[in-house]
Amino acid sequence: MEKLFNTDWNLLLQLALPMVLLAGLGMSLLLCSAFFPRDRPKIFLGVLLLAILGILFYTWMQWRVVVPLSQEMLLFDRFSYSLDLIVLVTLLIVLLLCSKYVSAEGTRSSEVYALFLFAVVGMMLIHHGADLIVIFLGIEIMSLSSYILTGSRRGIIRSYEAAMKYFILGSFASCFLLYGIALAYGVTGSTSLASLQSLSLAADTSGNTVLLTMSVAFLLVGLGFKIAAVPFHLWAPDVYEGAPTPVTAFMAAGVKTAAFAALLRIVLALGHLPQIPWIPVLWILSALTMTIGNLVALRQTHIKRLLAYSSVAHAGYLLVGVTAALQNNTLSDATLGGVVFYLFAYSLMTLGAFGVVVAMGHRGEQVEELSDFSGLSQRHPFLAAALTVFLLSMAGIPATIGFAGKFYLFAGAVEAGFYGLTILAVLNSVISVYYYFAPIIKMYFQPPRGYELPPLSYPLLAAVFLCLFTVLYLGIFPSDLFLMARESVKELIF
Amino acid sequence: MELILFYLFAGVVVSSALLVVFFRNPLSSALALVAALFGVAALFVLLHAYFLAAIQVLVYAGAVMVLFIFIIMMMNLDLTTLRKIHYSFTGIVGALFGSYLAAILILRLGYFSEAARATPEDYGSIASIGKLLFTDYQVPFEMTSLLLLVAIIGAVMLAKKEAKHAARQAP
């Protein structure tokens, strides 16, 4: 009999173990809840946290020893493992945040936890995808899980509305993505990133340039939707507002990271083609995204909408880094490392900020208007201080991780010669300071409204504290993480 | 023999497609569409595209049609309003594009040659597709199963009855 596989399955299992473990964990959770009718969210949470810590450690070990390898439509390099680390940390914090929410709102905790786990498996498959099919399926697994999680707040119309909106627009974006992939397949006859990367259109007479340009346009629309870049961002505020807050945190941090991973892989694989006007397109996209995101955020009075627009603006800053990384068709590891660093920084501070919003509403009521934050410094000093740090970090004030991230990102852009874009980005940061300070002023300089907040539950406290600690520690000593981010992008494979 | 079968099934497809348009009752139209899709599947079999035929029956005649019929039943259409014939803008545009498509198809019919059918013997057969799915495309195949699992969980989770939750929360 002929040999069907040339795959070293042991090696593949070893490399892909984090994903396999997470998927298995999710399925066994579902089985558990089928056999034991009583919901035990605390036991589930404990087991999950331990398991995720183990997987996190294993991924870190893999990051240290991995030799870039591409097999069975999956690829394993430091870039993918470092993004895995980001989404695993996100998962850890989100699970801590949603401990109260799963037991309070009448949803079975095992289902919610399993969906989070499956979404993260989808994200990791995006990071490890060596083929557009794998990337697309990963995006679908991730998106489908987040649509469902968005609608999981029982009996609240806003949640259903957000889920429906997200589902319809998201499916539409997926169609664009799929159309782009189909056109790319029409040009190369293959869906693998390697074939895209070795593509050359130097002496093209058969119209492949036109096809490929269209394909890239469709891919950018599809991915632009997933990262919420202007003008494809309109779903973000409504969905972020309607979704349960832990899910919002998960979408803002994890989903955006994974979508950026897909964007980076595809853009870098095709970046060497001079026929496609990458730089102008990405330049305009990033300029629009940060400017409109910041300007609209100025007028928001709802904290989740404010954070949604701020996350749109952050996608714009990240796109500055992507544009710079593409310049001269050379992979500059400092610039790309800056993007990875910023993804990590952005995830942490966003998770922290949403974590405080979760903590504010942890008795079940909706405490999401800016006015609800009045005098929080007297009602709960720790939460007020934590939110202040996260907002300062988002604005890019020194001694926080946000400043370090912006510094590396903009330094890379200057190095690539994008002075105009960098000036625009810095101006945008200055604008953003205004709306980030609005809640801070409310918390510290206005009389308190409402009762004193009761003590927080331990998981919530742990989540907020974890974010706070990393934001401050890595803000003061960012060089190790930046070194790691640079190492991650040195040997990219396709 | 093959020619007779071809004309038989082609006749089924065309006549049931016409019935889809001319039936007044949407449910009858949907059932006529099922017949048309089965006819197309039979045509695929005549072309030795067994996999496509099976998929045609399973996906279109099976899943998609069930969805259609469900929706028609749920909308509970009023048949008396449907009996009136409307000459709407969309109808005119639809007729224009329909006749355009028909013209292209009829004019182009002569251009098809035997050369276009020169594919390997096992091209698109169930065996070769199965082999590809479980070797080269194994990872995407497994990912699809995970995707379906997520969809099932979501359907169950979102469609569960609210009352059950109220009951569980009460004590």
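All figures in this text were calculated on a predicted structure; none of them were measured in a lab.

Some remarks on the overall build of chain A
Point 1. Assigned secondary structure in chain A consists of 20 helices and two strands.
Point 2. Taking 23 Å as the expected radius of gyration for a compact globule of 494 residues, we find that chain A reaches 22 Å, a close match to that expectation.
Point 3. If you line up chain A on its principal axes, its C-alpha atoms span 70 × 60 × 40 Å.
Point 4. Expressed as a percentage of its 494 residues, the buried residues of chain A come to 63%.
Point 5. Sequence separation of at least 24 residues holds for 82% of the intrachain contacts in chain A that already meet a minimum separation of 6.
Point 6. When the accessible surface of chain A is totalled, it reaches about 17,800 Å², and 69% of it is carbon and sulfur.
Point 7. Taking the average place of the 25 positive charges on the side chains of chain A and the average place of its 24 negative ones, the gap between the two points comes to 10 Å.

Things to note about the packing of helix 13 (residues 303–326) of chain A against helix 17 (residues 401–415) of chain A
Residue and element names in this part refer to chain A.
Point 1. One way to put it is that helix 13 packs onto helix 17 with a least axis distance of 8 Å and a crossing angle of 40 degrees. Relative to helix 17, the element helix 13 is oriented oblique. Considering the relative orientation of helix 13 and helix 17, their crossing is left-handed. Contacts between helix 13 and helix 17 pair His-314, Tyr-317, Leu-318, Val-320, Gly-321 and Ala-324 from the former with Lys-406, Leu-409, Phe-410, Gly-412 and Ala-413 from the latter.
Point 2. Residue composition of the contact of helix 13 with helix 17, grouped by class: seven nonpolar, three polar and one charged.

A word on the side chain of Thr388(A)
Residue and element names in this part refer to chain A.
Point 1. By the secondary structure assignment, Thr-388 is in helix 16 (residues 381–395).
Point 2. In this structure Thr-388 comes out as buried when scored by relative accessible area, which is 13%.
Point 3. If near-sequence neighbours (up to four positions away) are discounted, Thr-388 is found in contact with Ile-440, Met-443 and Tyr-444.

Some words on helix 7 (residues 138–159) of chain B
Point 1. With 22 residues, helix 7 of chain B ought to run about 32 Å at 1.5 Å a step, and its terminal C-alpha atoms sit 32 Å apart, in line with that.
Point 2. The set of residues buried in helix 7 of chain B consists of Gln138(B), Val139(B), Pro140(B), Met143(B), Leu146(B), Leu147(B), Val150(B), Ile153(B), Gly154(B) and Met157(B).
Point 3. For helix 7 of chain B, the elements touching its buried residues are helix 1 (9–35), strand 2 (74–76), helix 5 (109–128) and helix 6 (132–150) of chain A together with helix 6 (126–134) of chain B.

A few points about the interface of chain B and chain A
Point 1. Of the residues lining the interface, 24 residues belong to chain B; the matching set on chain A comes to 34 residues.
Point 2. Here chain B packs against chain A, burying approximately 2,600 Å² in sum over the two surfaces, 73% of which is carbon and sulfur.
Point 3. Linking chain B with chain A are zero salt bridges, by the criterion used here.
Point 4. Viewed at the interface, chain A and chain B are joined by zero residue pairs in polar contact (both at pLDDT 80 or more).
Point 5. Listing elements by their share of the side of chain B that touches chain A, those giving two or more residues are helix 6, helix 7 and helix 8 (162–169) of chain B.

What counts as what
Residues numbered from 1 in each chain as written. Chains lettered and ligands numbered in written order. Predicted model: local features only at pLDDT ≥ 70, side-chain atom pairs only at ≥ 80, totals over all residues. Heavy atoms only, no water. Helix = DSSP H or I, 4+ residues; strand = E, 2+ residues; numbered from the N terminus. Rg over C-alpha atoms; globule rule 2.2 N^0.38 Å. Buried < 20%, exposed > 50% of the residue type's maximum accessible area, 1.4 Å probe, protein only. Contact = heavy atoms within 4.5 Å. Areas by Shrake-Rupley, 256 points an atom, 1.4 Å probe, with all protein chains shown as cover. Lys, Arg positive; Asp, Glu negative; His and termini not counted. Charge placed at Lys NZ, Arg CZ, Asp CG, Glu CD. Axes fitted to C-alpha atoms, helices over the stretch in contact; angles between N-to-C directions. Parallel < 35°, antiparallel > 145°, perpendicular 65-115°, else oblique. Left-handed = near helix turned anticlockwise from the far one by under 90°. Nonpolar A, V, L, I, M, F, W, Y, C, P; charged D, E, K, R; others polar. Expected span 1.5 Å × (residues − 1). Buried area = accessible area lost by both parts, 1.4 Å probe. Salt bridge = Lys/Arg side-chain N within 4 Å of Asp/Glu carboxyl O. Polar contact = N/O pair within 3.5 Å; in protein donor to acceptor, adjacent residues only side chain to side chain.

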